[in-house]
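Here is how the chains run, residue by residue.
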Amino acid sequence: MKNIFSFFALLLFVSVGSCARQQTNADGFIRISGVDLLKPDGSKLFIRGTNLGNWLNPEGYMFGFGKTNSPERINRMFCELVGPDFTADFWRRFKDNYITREDMAFIASTGANTVRVPFHYKLFTDEDYMGLTAGQDGFARIDSVVKWCRDNNLYIILDMHDAPGGQTGDNIDDSYGYPWLFESEASQLLFCEIWTKIAAYYRDETVILGYDLINEPIAPYFENVEALNGLLEPLYRRVVKAIREVDRNHIVLIGGAQWNSNFKPLRDASFDDKMMYTCHRYGGEPTAAAIRSFIAFRDSVGKPMYMGEIGHNSDEWQAAFCRTMEENNIGYTFWPYKKKDSSSFVGIVTAENWRPIIDFAEANRSFYKDIREARPDQQAARKAMDDFIEACKFRNCTVQDGYIGSLGLKHAQ
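Here is what the cut-offs are and how they apply
Residues numbered from 1 in each chain as written. Predicted model: local features only at pLDDT ≥ 70, side-chain atom pairs only at ≥ 80, totals over all residues. Heavy atoms only, no water. 1 Å grid on protein atoms, 1.4 Å probe; cavity = no way out; pocket = protein on both sides within 12 Å on 5 of 7 lines; lining within 4 Å. Points joined across faces, edges and corners; volume = space filled by probe spheres on them. Helix = DSSP H or I, 4+ residues; strand = E, 2+ residues; numbered from the N terminus. Nonpolar A, V, L, I, M, F, W, Y, C, P; charged D, E, K, R; others polar. Pairing = 2+ DSSP bridges. Buried < 20%, exposed > 50% of the residue type's maximum accessible area, 1.4 Å probe, protein only. Right-handed = clockwise from strand over helix to strand, strands pointing away.

A. Geometry of empty space enclosed by the protein. Following the criterion strictly, the structure yields two cavities of 30 Å³ or more and no others. The space that makes up the largest cavity amounts to roughly 80 Å³. Along the walls of the largest cavity sit 13 residues, with Leu-37, Leu-45, Met-305, Asn-329 and Gly-331 positioned nearest its centre. Secondary structure elements with two or more residues in the lining of the largest cavity: strand 2 (36-38), strand 3 (44-45) and strand 10 (305-310). Of the residues that constitute the lining of the largest cavity, the class distribution is nine nonpolar, two polar and two charged. Looking at the second largest cavity, its volume works out to about 30 Å³. What lines the second largest cavity is simply Glu-233, Tyr-236, Ile-254, Leu-266, Phe-271, Met-275 and Tyr-277. If you list the elements that add at least two residues to the lining of the second largest cavity, you get helix 8 (232-244) and strand 9 (275-281). For the lining of the second largest cavity, the class distribution of residues is six nonpolar, no polar and one charged.

Rendered as structure tokens:
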């Protein structure tokens, strides 16, 4: 009789163990279970983190600029200010120092678990971009982040913030004022080629949570916005099909139209089994009413929803919104990690000599005469740009404890 009980006890143990193993993910990738994300050990992953904005897709306001606001316009302004060769050297040093291992270690120390990495498509081409005219360094830069994040137990979401032809039609996608991606076969081919190249390269990398395919597609300004919206899901299907030819491991993230807020154009959640959705929200009341449409869509399709961008508000507003997102099972990465001054994890404190750079960026430079008249002293301008490189290093930035605390995170002193 004792042997019979021992046999059944062993059988029960093996059965329970088998069930437990079935709940884990042996290949090490984040997976989807209904509206949840699961870690390899089967526990739930609730995304908390930040965006590495401005590093691989410069935005004017993070430097203190206003109308000089897109990567192309910022680069042109610097070239007019100090010449193309010094500008190219500045960008190389900027990429080397703006985000480093030290930054990743700090982000992890706050309790964050995820970083979203915005990048420009040109980083994976031979087009002129951020100091290089051929042999762009996109893979080298992302490889560095992958290593730093692996060492600090952080997940990565890769975000194509600037797509070929432009997907938004505003400064944030470095476009020419219209989302030509949706109407250009050449741009769509390049878009799919780049994502396929990235997916093939990183298909076995478990630190990468997923691919955020297009940031904030189709701004609301255009008369034909509904027609453009109708082209969104077909493009998602096309690029996902291309990715799946080389990578069946990673989640693809699908954003809504009009600043990742309108999910009505997205009807079919079944065309891929490793798909989740990403919304964005700036401003409004920090209550469930502000994200009711996101919650309703998420529940209707039965897939996870994640707030890819939110922020630029008071600490009180951010804390209230974080509670709202947690109550409604929507993870988040706040925007951004680092920028000039405040409203970020860490702030860049610039010297007084940065003011003439801002003045030049805001000046009328329509004609060459205007450029000559507005240009400050060359030596002073170059020193200001050198000083900015020093100021952007983590050790010289100011940690924004209130901001970090408002996100439910903590600065480890």
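B. A look at the sheet that holds strand 3. Reading across from one edge, 1-2-3 is the order of the three strands in this open sheet, with antiparallel pairing throughout. The open sheet has two free edges, formed respectively by strand 1 (31-33) and strand 3, since each of these has just one partner strand. Note: strand 1 against strand 2, three bridges, orientation antiparallel. Following the sheet pairing, Ser-33 is matched in strand 2 by Asp-36.

C. Spotlight on the sheet that holds strand 14 (residues 398-399). Pairing in this open sheet of three strands is mixed, and the strands run 12-13-14 from one edge to the other. Edge positions in the sheet fall to strand 12 (338-340) and strand 14, since each has one partner strand and no second. Judged from the three bridges that link them, strand 12 and strand 13 (residues 346-348) form a sheet pairing that is parallel. Residue pairing for strand 13: Lys-339 is matched across the bridge by Gly-347.

D. Representation of the layout of surface pockets in the model. Computed from the structure, the largest pocket encloses a volume of approximately 340 Å³. In terms of lining, the largest pocket is formed by 21 residues, of which the most central are Asp-173, Asp-174, Ser-175, Tyr-176 and Gly-177. Partitioning the lining of the largest pocket into residue classes produces five nonpolar, nine polar and seven charged. There is about 260 Å³ of room inside the second largest pocket. Lining the second largest pocket are 17 residues, with Ile-172, Glu-216, Trp-259, Tyr-282 and Glu-309 positioned closest to its centre. For the lining of the second largest pocket, the secondary structure elements donating two or more residues are helix 9 (257-260) and strand 9. Of the residues in the lining of the second largest pocket, the class split is five nonpolar, seven polar and five charged.

E. Expanded view of the pairing of strand 9. Across the seven residues that make up strand 9, a large majority, six, are buried. Inspection of the sheet shows strand 9 paired to strand 10 by five bridges, in the parallel sense. Paired with Tyr-277 across the bridge in strand 10 is Met-305. For the segment spanning strand 9, helix 10 (residues 292-301) and strand 10, crossover handedness is right-handed.

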